[in-house]
Amino acid sequence: YSRTNTFWAPDVVQLANGTYVMYYCTCEGSSPLSTLGIAYADKPEGPYVNQGIILKSGYGGYNATVYPNAVDPCTFFDKEGRLWMVYGSYSGGIYILEMDTETGFPLPGQMNSGLGKKLLGGNHARIEAPYIMYSPDTDYYYLFLSFGGLGANDGYNIRVCRSKNPDGPYEDALGQNMIRCAGRPGTFFNDPDYAPYGVKLMGGYEFMAAEGDKNKITLAYRSPGHNSCYYDEETGRYFIVFHTRFANSGESFQVRVHQMYMNEAGWPVVSPLRYAGETPQPVDASLQGGSYKVLLHQRDINKVEHESKVITLNVDGTITGDHTGTWSCADGVNVTLTMDGLNYTGVMQTALDASQRMGVTCISALDENGAALWATRTYSNYK
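Asks: Would you take a moment to explain the sheet that holds strand E3 (residues 34-41) for this structure?
Replies: Where strands meet in a sheet, backbone hydrogen bonds hold them as pairs that are either parallel or antiparallel. The four strands are arranged E1-E2-E3-E4 in an open sheet whose pairing can be described as antiparallel. If you trace the sheet from one side to the other, it starts and ends with strand E1 (7-14) and strand E4 (49-57), each paired once. In this sheet, adjacent strand axes meet at a mean angle of 20° when their direction is disregarded. Bridging between strand E2 (residues 20-27) and E3 involves eight bridges; their strand directions are antiparallel. Opposite Tyr20, over in E3, you have Ala41 as the bridge partner.

Right, dumping it as structure tokens:
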């Protein structure tokens, strides 16, 4: 093995006996030559004592088009109390292993010589950073993924698929089995092969300045990805945490937290705006209509940010402007739109528009194919 000091994307879980287990990984970087190990501690902040390597990848004779790069671990307990680890990056795809709830080590006798069960990917598809979250509201396991590359010009975007079982099979909004989501044999980083799979929650984007904005300076987000998620059992609220880069800012990045909701179709939708302590509550009818900046994330692996357009949600239920159609939100929460012939299902909430320094009505929805729509009510409505 080559020597490396490059540690990637660790994950920590607490076992029933109180022990904290850190799953760490090292990677050579230009190849899937990686190791994944575990360490124990009595406190989440450590110190951690190494317990050894549990997975290796990329060594002699290793078929990297089929088998995974042993990095990016995510461990979680399913609703039955079983412990799982999903992992993988590019190379042969995303795999899942069942783990021992007492030791945190993989259970013996699992398929693919102990690498586990394949969920998706292969032939060097640019898919990595798996994260699985269970929702008691929908009884689904949601597998979040990052498609594309993490660099500012490489198109990272966050997608999701779901299953009734922690180890799949996982499907997207079109009912496609994600095991078919891969590059074609003989290809390398061929994005068009797998871009049609998964529900795209966000990619690079920019809310453009609109007429009447108090602040017309805008910020273009690029390559949001490698997310984790959090379900708060006490409040029943969902959050997504991810890192993002920005246009014209090199490879500098920041971490973002957005609130997340479940739409009526049982898919997560992400608030267009950063979480600022808001509490979900119905939006009054007087604050629903008006002018909106609307942003369509589409289903591509976009290396350049998609830009918002302007529409008006009219009181008669029609949509006019750069896009046309109809809308309704009878309960102040669940919103439906038909726009340019596509049906969207989502949530209407209030969040902080930091650029305008005020709370605004916002919409997050998914079309029937699995692409996100974000919209924020413009400042001119509040004058």
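Read on for the rest.
Asks: Explain the sheet that holds strand E23 (residues 334-339) here, please?
Replies: What the eight strands build is a closed barrel, ordered E18-E20-E21-E22-E23-E24-E25-E26; its pairing is antiparallel. Between one strand axis and the next, the sheet turns through 30° on average, direction left out of account. As defined by bridge partners, strand E22 (residues 325-328) adjoins E23 across four bridges and the pair is classed as antiparallel. Following the sheet pairing, Ser328 is matched in E23 by Thr336.

Asks: Mind showing me how you'd approach the pairing of E23 here?
Replies: Strand residues, when the strand is regular, have side chains that alternate between the two faces of the sheet. Side chains Val335, Leu337 and Met339 project from E23 onto a buried face, and the interleaved Asn334, Thr336 and Thr338 project onto a face without burial. Here E22 folds back onto E23 in antiparallel fashion, the turn holding five residues, of which Gly332 has a positive phi close to 75°. Inspection of the sheet shows E23 paired to strand E24 (residues 342-353) by six bridges, in the antiparallel sense. Among the inter-strand pairings, Thr338 is bridged to a residue of E24, identified as Asn343. If you look at the hairpin formed by E23 and E24, you'll find two residues sitting between the two strands, and Asp340 has a positive phi there, around 50°.

Asks: Help me understand the side chain of Asp367, please; the structure alone is not making it clear to me.
Replies: Note that Asp367 resides in strand E25 (residues 358-367). One buried charged residue, Asp367, forms no salt bridge at all, with the nearest opposite charge on Arg299 at 5.9 Å. Of the polar contacts made by the side chain of Asp367, one reaches the backbone nitrogen of Gly370; its length is 2.8 Å.

Rules used throughout
One numbering rule holds for all chains: residues counted from 1, following each sequence as written. For a predicted model such as this one, the threshold for reporting local features is a pLDDT of at least 70, and the threshold for listing and counting side-chain atom pairs is 80 or more; totals across whole chains, interfaces and linings nevertheless cover every residue. Based on all heavy atoms of the structure, the side-chain values leave hydrogens and waters out of the count. Only strands joined by at least two bridges in the DSSP assignment are considered to pair. Strands here are runs of E lasting at least two residues and helices are runs of H or I lasting at least four, both read from the DSSP assignment and numbered beginning at the N terminus. Between N-to-C directions, angles cover 0 to 180 degrees, with each direction set by a line fitted to C-alpha atoms, over the stretch in contact for helices. Accessible area is worked out with a 1.4 Å probe on protein chains only. A residue is then buried under 20% of its type maximum, exposed over 50%, and partly exposed in between. His is not counted, nor are the chain ends, whereas Lys and Arg count as positive and Asp and Glu as negative. By definition, a salt bridge exists where a carboxyl oxygen of Asp or Glu is found within 4 Å of a side-chain nitrogen of Lys or Arg. Here a polar contact is taken to be a pair of N or O atoms separated by no more than 3.5 Å, where protein atoms must pair a possible hydrogen donor with a possible acceptor and residues adjacent in sequence count only if both atoms sit in side chains.

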